[in-house]
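What follows is the residue order along each chain.
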Amino acid sequence: MPLDLNRLPLRSSRTVDLNLLKVRIATNLEEFAAYAYFSREAPPGEEPDHEIYCIDLDRDDHDTDELARLADRSLRAKRFRTGYYLNHVFGDPAYLITEGRRSYVFGRRLERTVWPYFVKRILTDFAVDHGYLHLKAAAFVLDGGATLLVGPNAGGKTVFMTQACLAGARFLSNTHLLVRDGYAYGVPSAVRVRRDASFGPLIDRHGLTEHLEQGDFVASPELLFPGEPVDAAPIRNIVITDFDPSRPPGFEEIPTTRSELFLDQFAFAVTTYGLKDDLMNHCGGDVLRFTDVLGAMKAQLAELVGGARCFRSNVDMLDPAARDAVLRELAGTHSAGAPATGAAAGLQAAGR
């Protein structure tokens, strides 16, 4: 019998709230590890902006030859069939079928596709269609102003964010932001934590779900931090986290030109996640539309950086004195280009 996408065996579903948009995730599994990556559910009856159907082939068998015939002809779908999902995330071959705002994926361990690929692509598509800029960035709010955190892998972004929130800042986002007109809009999600003195007991007490990265776990921000998370805030600061204890500590304001170059490579979602082919597909394969969209987003990136104070941080945020000095600086209202004298003085004192 031919595959009927409208009659798939669905045994659980959840509509998750991503702040500016809602996404329904449905699966043929009774329990699905992908749900743990989302911290907020949409109100009952809320119409989703997108739907993802994840069908595990170990739970219900389907003819893979038929799936291959029905699968998209996009580059992403071809990569899925080789077991390559996005960046460094791999798994069994999977079959991607897209029908408008519905995505169907057939394979195994499909939690490896939901947060690593679908969320990133859906957020980018939404940003294009509604005039936002999609960034890979963490963020917190101090005295009403948002601080965006960007950085290379292992640059200390998560430690910076968690320590700021444990010290009284309000959580805005862990990984994704949508930006428009000087405001940052958080994307509610779980936070990745490691087993250490701060979070080890919490991991055991709540039986947290393991992250795709071995040794890490995921938990909702409400479980980790005091105070309710914030949905949106005006952007005050951008901090490039560059922690390396072998180098002298420092927290310095840097030119917007340097910040823009860095964000273009490490925070701009299309570049960071390798979504250029997905964006081209979203633009209907039209080169002119693609370049118009890309140009508009790059202009938004330049505007964002030009309107914020930009810092480079090599700070041990686990040191209370250094952390407090940095947070005092970030809570200030100094004009862009002013020297970060407060934080520098605090770091010097902490290093004595």
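The rules behind these values
- For every chain, the first residue of its written sequence is number 1, and the numbers climb from 1 along that sequence.
- Per-residue local features are limited, in this predicted model, to residues with pLDDT of at least 70; the limit for side-chain atom pairs, both in listing and counting, is 80 or more; totals at the level of whole chains, interfaces and linings are taken over all residues.
- Excluded from the side-chain calculation are hydrogens and water; included are all heavy atoms of the structure.
- Buried residues of nine kinds, namely Ala, Val, Leu, Ile, Met, Phe, Trp, Tyr and Cys, make up a nonpolar core once their side-chain atoms join them within 4.5 Å.
- The buried label goes to any residue with under 20% of its type's maximum accessible area, the exposed label to any with over 50%, and the partly exposed label to all in between, with areas taken from a 1.4 Å probe on protein chains only.
- For helices the rule is a DSSP run of H or I covering at least 4 residues; for strands it is a run of E covering at least 2, with both sets numbered from the N terminus onward.
- Every residue pair with non-hydrogen atoms within 4.5 Å of one another is taken to be in contact.
- Pairing of aromatic side chains requires ring centres within 6.5 Å, counting the rings of Phe and Tyr and the six-membered ring of Trp. Pairs whose planes differ by under 30 degrees are stacked, by over 60 edge-to-face, and all others tilted.
- For a Lys NZ or an Arg CZ to count as sitting over a ring, it must be within 6 Å of the ring centre and within 35 degrees of the ring normal.
- Every axis corresponds to a line fitted to the C-alpha atoms, with the helix fit spanning only the stretch in contact, and the corresponding angles, defined between N-to-C directions, vary from 0 to 180 degrees.
- In this scheme, roughly parallel covers angles under 35 degrees and roughly antiparallel covers those over 145, while 65 to 115 is roughly perpendicular and the rest are oblique.
- Here a crossing is taken to be left-handed if its near helix is turned anticlockwise relative to the far helix by less than a right angle, and right-handed if that turn runs clockwise.
- When residues are grouped by polarity, Ala, Val, Leu, Ile, Met, Phe, Trp, Tyr, Cys and Pro land in nonpolar, Asp, Glu, Lys and Arg in charged, and all others, Gly among them, in polar.
- The rule for pairing is simple: two strands pair if DSSP sees at least two bridges between them.

Details of the nonpolar core
Across soluble globular proteins, nonpolar side chains have a tendency to be buried as a group. Counting residues in each nonpolar core, the largest one holds 40 residues, and the members touching the most others are I25, F32 and F38. Broken down by secondary-structure element, the contributors of at least two residues to this core are strand 2 (22-27), strand 3 (50-56), helix 2 (75-81), strand 4 (84-86) and helix 3 (111-130). Not counting residues within four places of it along the chain, the set of residues in contact with F38 comprises V16, L18, I25, V114, W115, V119, S189 and A190. With 34 residues, the next largest nonpolar core counts L177, I235, F262 and L301 among its residues.

Side note on the packing of aromatic side chains
Per the counting criterion, the structure on display carries 15 aromatic pairs. A ring pair is formed by F80 and Y85, whose centres lie 5.2 Å apart and whose planes are at 55°; its orientation type is tilted. In this pair, the class of F80 matches that of Y85, namely buried. Ring centres of F80 and F118 lie 6.2 Å apart, and the angle between their planes is 75°; on these two criteria the pair is classed as edge-to-face. A residue pair is termed long-range when its members are at least 10 positions apart, and F80 in helix 2 and F118 in helix 3 qualify at 38 residues. With a relative accessible area of 0%, F118 lands in the buried category. Put simply, the rings of F80, Y85, Y117 and F118 touch in pairs and so form one group of aromatic residues. Lying over the aromatic face of Y273, K120 brings its terminal NZ or CZ to 5.0 Å of the ring centre. Lying over the aromatic face of Y132, R180 brings its terminal NZ or CZ to 4.1 Å of the ring centre.

Description of the packing of helix 7 (residues 256-266) against helix 10 (residues 287-306)
Following both chains from N to C, one finds helix 7 and helix 10 inclined at 135°, their axes separated by 9 Å at the closest point. In terms of orientation, helix 7 lies oblique with respect to helix 10. Where helix 7 crosses over helix 10, the two elements pack in a sense that is right-handed. Only K298, L301, A302, L304, V305 and G306 of helix 10 make contact with helix 7, whose side of the interface consists of T256, S259, E260, L263 and D264. Taken together, the residues of the contact of helix 7 with helix 10 sort by class into 5 nonpolar, 3 polar and 3 charged.

A word on the sheet that holds strand 3
If you walk across this open sheet you meet the 5 strands as 1-2-3-7-6, and the pairing is mixed. Each end of this open sheet is capped by a strand with a single partner; those strands are strand 1 (12-17) and strand 6 (95-99). Averaged over all pairs of adjacent strands, the angle between strand axes in this sheet comes to 15°, irrespective of strand direction. Bridge analysis of strand 3 against strand 7 (residues 102-107) gives 6 bridges, and the strand direction is parallel. The residue bridging D56 from the neighbouring strand is G107, located in strand 7.

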